[in-house]
Amino acid sequence: MVALLGNLAVIALSAVLLLVPAALVADAVCSGDGADDGGGDGGGDGGGDVGEAHDRLLWLALWAAGGPQSLAFALFVLGGPHVSNGTVGAASLICGALALALVARRTGLGPLDALRGALSRCWRAARRARGPLTVALAVALVYLLRYDESLGDASCLHLATWNAIAPTPAAGNHLFDAVLAADLLRDNVQDARLGNVGVLAGWLGLFFQLGPRLLFATVGGMIALGAWGLGWRIGGRRAWGYAAVVLLALQPWVLSLPRLDENLLTLAFSTPLLALALRSDRVQEPGRRWLAIGAALGLVLTLRHVLILAAPAFAWLAWSAAPPAAGRAFDSVARRSGTLARLAVGVAVTTAVEHLHHALALGSVLRFESNPQWPTYPYRIAGLDFSWQGMLGWPFVEAPIRTPFNPFPTALQWPLWLLDHFGTVLAVVIAIGAVTVWARSRRVAIALALWLLPAWLALSVQEAWDYENKQGIALCLFAGLLAWLLYGLRTVVE
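Note that the coordinates shown come from a computational prediction; the quantities given were computed from them, not determined experimentally.

Reading the values: the criteria
- By convention here, each chain's residues receive numbers from 1 onward along its written sequence.
- Local features in this predicted model are restricted to residues of pLDDT 70 or higher, and side-chain atom pairs are both shown and tallied only at a pLDDT of 80 or more, whereas totals for entire chains, interfaces and linings draw on every residue.
- Each side-chain value is derived from all of the structure's non-hydrogen atoms; neither hydrogens nor water enter the calculation.
- Only DSSP runs of H or I reaching four residues or more are called helices, and only runs of E reaching two or more are called strands; each is numbered from the N terminus.
- Relative accessible area decides the class of each residue, using a 1.4 Å probe on protein chains only: under 20% of the type maximum gives buried, over 50% gives exposed, and in between gives partly exposed.
- Here, residues are in contact when the closest pair of their heavy atoms is within 4.5 Å.
- Any helix carries an expected span of 1.5 Å times its number of residues minus one.
- Two cysteine sulfur atoms make up a disulfide if the distance between them is within 2.5 Å.
- By the convention used here, strands pair only if DSSP detects at least 2 bridges between them.
- For the purposes of this section, nonpolar cores are sets of buried Ala, Val, Leu, Ile, Met, Phe, Trp, Tyr and Cys residues that join through side-chain atoms within 4.5 Å.
- What counts as a ring pair is set by centres within 6.5 Å for rings of Phe, Tyr and Trp (its six-membered ring), and what kind of pair is set by the plane angle: stacked under 30 degrees, edge-to-face over 60, tilted for all other angles.

Visitor: Where do I start with the overall build of the chain in this structure?
Guide: Looking only at helices and strands, the chain has 19 helices and two strands in total. By the burial criterion, 53% of the 494 residues in the chain qualify as buried. Relative to all contacts within the chain whose residues are 6 or more apart in sequence, the contacts with residues 24 or more apart total 75%.

Written out as structure tokens, the structure is:
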């Protein structure tokens, strides 16, 4: 009993070490930005300043789920100590102190008064957004109970994670011995993307064996919070937010996943991020938010590298969110360029270790973890010959290719897979939304097209996906599909 109480006390302290600094970071990003209280395109029952309150909760969740964990992991990869509750807690406290200094400077208060003010604003935000927060906690409980520990920890993600948290090699298991002896910076360990390893290692370091289950629950809560934000932004009413939670966080395909993987983690971080970016035109000074959005986007790119093709969506949103300056056109361009620069700096900071890993372990920042699995093949398109270390299908080869678990080429398999999981009716509504969004908001329409189409097309021409779970990569783009679905539903309802 004493040991149990001691473990519970450590877990409670670890939770406080995450949440209090996260509240300070959220306050540093959100406080005083004059968020517009209106709902989605065309108005609605926004009610008070629920938009700013919900944004604050999204920032808190994003930082608490991945910020200090990724920082502690980056320090380990660069030669620091293994990831543990001490290193993650220290990273969280240091970043919280920096955020507190920013809040104190902005408010002109002393550190203690600034801390009380930030925590008070966070508490008021939780009360104002208690509806989506309650739903997110309920979804998190569902995910907590659904986590399946019986599947073991031998996936590429889990094996690489052990390297970050185990200070000495194991004995008697040659696979684990090799993984634990590797250098994550200079070796391509199990083809794992390091962003996922950092997040999971941080949760294991903080919460020990409960870490993966608690992270899985947090993933469910983040998907629900982000989906609610998209629904409220698009539909203009709270009911649309709750509908969005059901359509994404409780969607059968998403809910069927029994454990953590790269695609589910990417969905959990990208859904709140897309909701925040789409709402960036509703604040009076959006420019200063884009440094934080860039940092969060960089983390998402380290989770799933293919989303680098979706990064132009955020560049477009940053450019179009900056309010035009009065006077000369040059002033407007300068202001918009400054917003883009903030976004780029944020991305550069949080992807720096991943780029270094690619350069040292794979030979180039343009080579990725899966490339060494394949030899270099020759390809030809439109009279242009080139080679690539990977397998591509038509039109880069003469005829379509079928591989195990793919009865059709990937370009055809993906639409059929989505049709099977969404159903005919919702698939038609998604198509309606993809068209009608252009009439409602050209800014959002361009952003969603940039978010979905480049990555979708690039993945559609890849072949040799000889594992069933490879279709799960589509989950990375589900936040954008949800937005199309919501726009389609709104069109049908109206």
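Now that the structure is up, let's keep going.
Visitor: In this structure, what is going on with helix α18 (residues 442-460)? I would like to understand it.
Guide: Count 3.6 residues to each turn of an α-helix, and residues three or four apart come out pointing the same way. Between its first and last C-alpha, α18 extends 26 Å over 19 residues, near the 27 Å set by a 1.5 Å rise per residue. Those residues of α18 lying buried are R443, V444, A445, A447, L448, A449, W451, L452, A455, W456, L459 and S460. Along its buried surface, α18 packs onto α9 (211-235), α12 (262-278), α14 (311-321), α16 (410-422), α17 (424-440) and α19 (478-493).

Visitor: Would you mind showing me how to read the state of the cysteines here?
Guide: In protein structure, a disulfide is the covalent linkage between the sulfur atoms of two cysteines. Counted under the stated rule, the structure contains zero disulfides. This cysteine, C30, is not joined by any disulfide, and C122 carries the nearest cysteine sulfur, 9.6 Å off.

Visitor: Got a minute to help me understand the pairing of strand β2 (residues 384-388) in this structure?
Guide: Within a regular strand, side chains alternate between the sheet's two faces. For strand β1 (residues 377-381) and β2, the ladder comprises five bridges, and the chain directions are antiparallel. Bridge pairing in β2 links R380 to D385. Between β1 and β2, which pair antiparallel in sequence order, lie two residues; one of them, A382, sits at a positive phi of approximately 50 degrees.

Visitor: For this particular structure, what's the right way to read the nonpolar core?
Guide: Inside soluble globular proteins, nonpolar side chains tend to come together where they are buried. With 149 residues, the main nonpolar core has I223, F269, F314 and F478 as its most contacted residues. At 16 residues, helix α2 (residues 50-77) tops the list of elements feeding residues into this core. Residues within four places of F269 in sequence aside, it is in contact with L62, A65, G66, V199, M222, L299, V300 and L303.

Visitor: Where do I start with the packing of aromatic side chains in this structure?
Guide: When we look at a pair of aromatic rings, we describe it by the centre distance and by the angle of the planes. Under the defined criterion, the tally for this structure stands at 13 aromatic pairs. When the ring of Y143 is compared with that of F216, the centres are 5.5 Å apart and the planes differ by 45 degrees; the resulting orientation is tilted. Here the residue Y143 occupies a position in helix α5 (residues 130-146), and F216 occupies one in helix α9, the gap between them amounting to 73 residues. Residue Y143 shares its accessibility class with F216, and that shared class is buried. With a centroid separation of 5.8 Å and 35 degrees between ring planes, the pair formed by Y379 and F386 is classed as tilted. A connected cluster of aromatic rings, assembled from ring pairs, spans W253, W417, F422 and F478.

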